[in-house]
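Remarks on the overall topology
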Amino acid sequence: MSWLKPVLNSYLRLTEKPHMRRATSPDALRRSFQTKARLFFHAPWRSRMALRSLGPGEALEITPPDLRTDMVVLYFHGGGFTFGAPETHAAMLATLAARVGCRAILPRYPLAPEHPYPAAPEFAEAAYHALCADHAADRIVIGGDSAGGALALTLLARLLRSGAPLPAGVFAFSPLTDMSFSGDSIRANAATEAVLPAERVDDMGAMYLGDVNPTDPDASPLFADFTGAPPVWITVGDTEILFDDSRRIVDRMTAQNVPVTYVEERDLPHVWPIFHNMLPEARATIDTLAAWIGDQASSSDPTR
């Protein structure tokens, strides 16, 4: 354990968690996150970023300094379906892209409450199919964190259900998988969670889902069928309120014979890889994930 981990956890519990608890509107969280991302999160030198069209909207495309593979990561940012943007997560994905030697594409999907469910999952599916026009499906890895992890896993379930071409794999950092918030960790980890205030989850759910049944598989991938899925990689910290969201979906996927890799970490904050500029554990997780993506690239490459 690095000495920075408890320092970062204490800082987040004293600053970010109260800030999220007090926020009165998504706009305030959006502005704050954008500002902090510019100040604290930095991409590797010579990473190139450019906006491009993708399906029904736009996306941020990241090209690493050393492009070594035709694999591409399609990544959905987190933010409770109400805030966050490609730019807030660009530095983390640029770091991952540099480790893998691949491009990363971050769609700007529609946010609630202006665009409630099902706008985000429908956009995600359209973005994937648009990307498949330029890349073979088995050269795409889908990823996401928190609510973006929900979108990544929901997209996988939708593709399986429709019989569409499948990606090489799917990964998620601290994914939100259960919009009914029935996991024990929502309550049991309310105090130990460093970032997310447990008492605000219902507010977020109401803005995103409205009157939609939270156990609908397109809203909560925990309840989806993943039979026949490609490899999945999921990581979560054991003190997060979303701890059970990961543990339970891993159990479900395992029962459905999905090849799933589950990495459970001790006392790391929600979506800790975003702190790669300062936290050794964040860099280690990105390195581990990069190796996993490399394995999927090799197994799906017909020339090997």
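See the structure shown above.
Residues numbered from 1 in each chain as written. Predicted model: local features only at pLDDT ≥ 70, side-chain atom pairs only at ≥ 80, totals over all residues. Heavy atoms only, no water.

Of the regular secondary structure elements, the chain holds 10 helices and eight strands. By the compact-globule yardstick of 19 Å for 304 residues, the chain fits well, its C-alpha radius of gyration being 18 Å. Each principal axis of the C-alpha distribution contributes one length, and for the chain these read about 50 × 45 × 35 Å. Counting the 304 residues in the chain, one finds 58% classified as buried. Sequence-distant contacts in the chain: of pairs separated by 6 or more residues, those separated by 24 or more amount to 80%. (Helix = DSSP H or I, 4+ residues; strand = E, 2+ residues; numbered from the N terminus. Rg over C-alpha atoms; globule rule 2.2 N^0.38 Å. Buried < 20%, exposed > 50% of the residue type's maximum accessible area, 1.4 Å probe, protein only. Contact = heavy atoms within 4.5 Å.)

Bridge count between strand E1 (residues 48-54) and strand E2 (residues 57-63): seven bridges; the pairing is antiparallel. Within E2, the position partnered with Arg 48 by the bridge is Thr 63. In sequence, E1 turns back onto E2 through a hairpin of two residues, with Gly 55 there showing a positive phi of about 60°. (Pairing = 2+ DSSP bridges.)

Note that Lys 5 resides in helix H1 (residues 4-14). Although Lys 5 is buried, it makes no salt bridge; Glu 281 carries the closest opposite charge, 4.9 Å away. (Lys, Arg positive; Asp, Glu negative; His and termini not counted. Salt bridge = Lys/Arg side-chain N within 4 Å of Asp/Glu carboxyl O.)

The next point concerns the sheet that holds strand E5 (residues 140-145). With mixed pairing, eight strands are arranged side by side in an open sheet as E1-E2-E4-E3-E5-E6-E7-E8. Edge positions in the sheet fall to E1 and strand E8 (260-265), since each has one partner strand and no second. Between one strand axis and the next, the sheet turns through 20° on average, direction left out of account. Examined bridge by bridge, strand E6 (residues 169-173) and strand E7 (residues 232-237) share four bridges and lie parallel to one another. Within E7, the residue paired with Phe 173 across the bridge is Thr 235. (Axes fitted to C-alpha atoms, helices over the stretch in contact; angles between N-to-C directions.)

Glancing now at the packing of helix H4 (residues 86-100) against helix H10 (residues 280-299). Packing of H4 against H10 leaves a shortest axis separation of 9 Å and a crossing angle of 50°. In terms of their interaxial angle, H4 and H10 are classed as oblique. Where H4 crosses over H10, the two elements pack in a sense that is right-handed. Counted together, Met 92, Thr 95, Leu 96, Arg 99 and Val 100 of H4 and Arg 283, Ile 286, Asp 287, Leu 289, Ala 290 and Ile 293 of H10 form the full contact between these two elements. Class assignment of the residues belonging to the contact of H4 with H10 gives a composition of seven nonpolar, one polar and three charged. (Parallel < 35°, antiparallel > 145°, perpendicular 65-115°, else oblique. Left-handed = near helix turned anticlockwise from the far one by under 90°. Nonpolar A, V, L, I, M, F, W, Y, C, P; charged D, E, K, R; others polar.)

Relative to the assigned elements, Thr 177 resides in the loop between E6 and helix H7 (185-188). Since its relative accessible area comes to 0%, Thr 177 is described here as buried. The sequence separation of Thr 177 and Thr 154 amounts to 23 residues, and the corresponding C-alpha distance is 8.7 Å.

This part takes up the nonpolar core. One finds Phe 171 and Phe 226 to be the most contacted residues of the largest nonpolar core, which totals 101 residues. When residues of this core are assigned to their parent elements, the largest contribution, 10 residues, is made by helix H6 (residues 147-162). (Core = buried A, V, L, I, M, F, W, Y, C linked by side-chain atoms within 4.5 Å.)

A few words now on the state of the cysteines. Across all of its chains, the model carries zero disulfides by this definition. Here Cys 102 stays free of any disulfide, with the sulfur of Cys 132 as its closest cysteine sulfur at 15 Å. The exposure class assigned to Cys 102 is buried, which follows from its relative accessible area of 0%. Here Cys 132 falls in the partly exposed class, since its relative accessible area comes to 25%. (Disulfide = S-S within 2.5 Å.)

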